[in-house]
Amino acid sequence: MTVIAIQSQVVHGHVGNSAAVFALQACGIEVAAVPTALLSNHPHYSSMRGGVLDAKFVRDLLAGVEERGLVDTCKVLISGYLGSSAIAAAVIAFVRRAKARNPKLLYLCDPVMGDADLGFYVDEEMRALFCEGLVPLADIITPNQFELKHLAGRALATVEGIVAAARGLGPSTVAVTGVRLQDESSGIVQTLAIEPRAAWMIATPRLSCRPSGTGDLFTALFAAALVQGLTTGAALGRAVSGVYGVLKETERRQSYELALVASAERMLRPHPLFESSGIPARAGTGSSQAVPSASSQR
């Protein structure tokens with residue numbers, strides 16, 4: 001077992017594990033998927049059925065993961081949307097046991113709390129559990145800009161501010177998605193990866209579609225690239241390029257859901273392939289942007 005992924009699942013569409021599992025398996029990675037919610041679809045439809053699972057049920061599934069020895073062979077443990085504070089508490093306890101049992105395990109926490117245009121979609125207790133329980137345990141986190149702002153407790157409008165905030169949180173790697181800077185064109189979106197002594201950034205064109213699940217897909221592709229041995233900067237480029245390929249096909253089809261299956265080839269072998277650029281030690285708001293690699297220009 002290479003990856004354990006704990007997050008929501010939907011019957012229709014591609015969010016949570018319904019995005020992550022396909023992406024990980026397409027990359028040739030074994031994955032154990034533990035659901036925290038089982039829903040008919042994501043909540044931006046006019047109706048939604050199903051709901052958050054009972055915390056005891058999730059604890060039992062996690063116990064089964066341990067009983068099968070999956071923690072021993074796991075390289076990356078991912079958590080995403082958790083649904084309730086009781087489930088979050090169960091995941092915190094599981095992560096602690098897993099890291100004690102397998103010291104080489106990397107815990108990747110996607111602190112799913114909200115977005116700039118939607119606000120928070122978890123309650124205050126859940127937000128506190130992310131800030132005080134899950135993020136401090138994490139080796140890697142993948143917040144969007146809105147979530148990083150909440151974790152840092154201050155507004156973030158420059159590259160320098162984002163890098164400083166990320167380095168103050170504790171995890172060794174922070175990948176920040178959906179970044180909009182005050183002095184940048186509204187036609188681009190930035191993605192950053194930040195470590196204690198290095199940082200990288202990619203700028204991609206902003207597309208007209210905005211389907212749910214892009215953050216879940218990015219986290220899965222970023223984890224897959226790390227499992228496959230890529231450096232953080234290269235993993236950022238691979239993940240951003242894969243997501244961009246899926247979004248381009250989604251836009252072409254004018255789909256409300258990620259065109260994930262239809263664009264599997266674009267996801268695995270993206271064209272263009274965006275390469276990350278290193279951010280100078282004292283980056284300003286106008287520092288480096290992504291440049292497609294030579295392979296993307298053939």
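Residues numbered from 1 in each chain as written. Predicted model: local features only at pLDDT ≥ 70, side-chain atom pairs only at ≥ 80, totals over all residues. Heavy atoms only, no water.

Caption draft 1: Examining the environment of Arg 49 more closely. Within the element layout of this structure, Arg 49 appears in the loop between strand E2 (31-39) and strand E3 (50-52). Those residues in contact with Arg 49 that lie beyond four places of it in its chain are Leu 38, Leu 39 and Ser 40. (Helix = DSSP H or I, 4+ residues; strand = E, 2+ residues; numbered from the N terminus. Contact = heavy atoms within 4.5 Å.)

Caption draft 2: How the structure looks around the environment of Ile 78. Positionally, Ile 78 belongs in strand E4 (residues 76-79). Spatially, the C-alpha atom of Ile 78 lies 25 Å from that of Ala 262, the residues being 184 residues apart in sequence. With residues near it in sequence (within four places) discarded, Ile 78 still touches Val 3, Ile 4, Ala 5, Ile 6, Gln 7, Leu 108, Thr 219 and Ala 223.

Caption draft 3: Representation of the sheet that holds strand E1 (residues 3-10). If you walk across this open sheet you meet the 10 strands as E3-E2-E1-E4-E5-E8-E9-E10-E11-E13, and the pairing is mixed. Sheet topology places E3 and strand E13 (277-278) at the edges, where each strand pairs with a single neighbour. Both E1 and E2 contribute to a ladder of seven bridges, which runs parallel. Paired with Ile 6 across the bridge in E2 is Val 34. Docked against the sheet, helix H3 (residues 85-101) engages E1, E2, E3, E4 and strand E5 (106-109), running at close to 170° with respect to E4. (Pairing = 2+ DSSP bridges. Axes fitted to C-alpha atoms, helices over the stretch in contact; angles between N-to-C directions.)

Caption draft 4: Representation of the pairing of strand E9 (residues 173-179) in the model. Most of E9 is tucked away, with six of its seven residues classed as buried. The pairing of strand E8 (residues 140-141) with E9 spans two bridges and is classified as parallel. Looking across to E9, one finds that Ile 141 is bridged to Val 174. (Buried < 20%, exposed > 50% of the residue type's maximum accessible area, 1.4 Å probe, protein only.)

Caption draft 5: Representation of the packing of aromatic side chains. According to the stated counting rule, one finds four aromatic pairs in the structure shown. Taken together, a centroid distance of 5.6 Å and an interplanar angle of 10° make the contact between Phe 218 and Phe 222 stacked. Of the two residues, Phe 218 and Phe 222 both sit in helix H7 (residues 214-227), four residues apart, roughly one turn of that helix. Like Phe 218, the residue Phe 222 is buried in the burial classification. Here Tyr 244 and Phe 274 contribute two aromatic rings whose centre-to-centre distance is 5.3 Å and whose plane-to-plane angle is 85°, an arrangement assigned as edge-to-face. Placement of the pair is Tyr 244 in helix H8 (residues 232-253) and Phe 274 in strand E12 (residues 274-275), with a sequence separation of 30 residues. For Tyr 244, a relative accessible area of 11% translates into the label buried. (Phe/Tyr/Trp six-rings, centres within 6.5 Å; stacked < 30°, edge-to-face > 60°.)

Caption draft 6: View of unusual backbone geometry. His 271 connects to Pro 272 through a cis peptide bond whose omega is 5°. A positive phi angle is found at Gln 254, which is not glycine, with a value near 50°. Along the chain, Gln 254 falls in the loop between H8 and helix H9 (264-268). For Gln 254, a relative accessible area of 76% gives the class exposed.

Caption draft 7: Focus on helix H1 (residues 17-26). Within H1, seven of the 10 residues are buried, which leaves the element mostly enclosed by the surrounding structure. Along H1, the residues classified as buried are Asn 17, Ser 18, Ala 19, Ala 20, Val 21, Ala 23 and Leu 24. Packing partners of the buried residues in H1 comprise E1, E2, H7 and H9. In the segment just after H1, Gly 28 is the residue with positive phi, at about 85°.

Just geometry here; none of it tells us what the structure is for.
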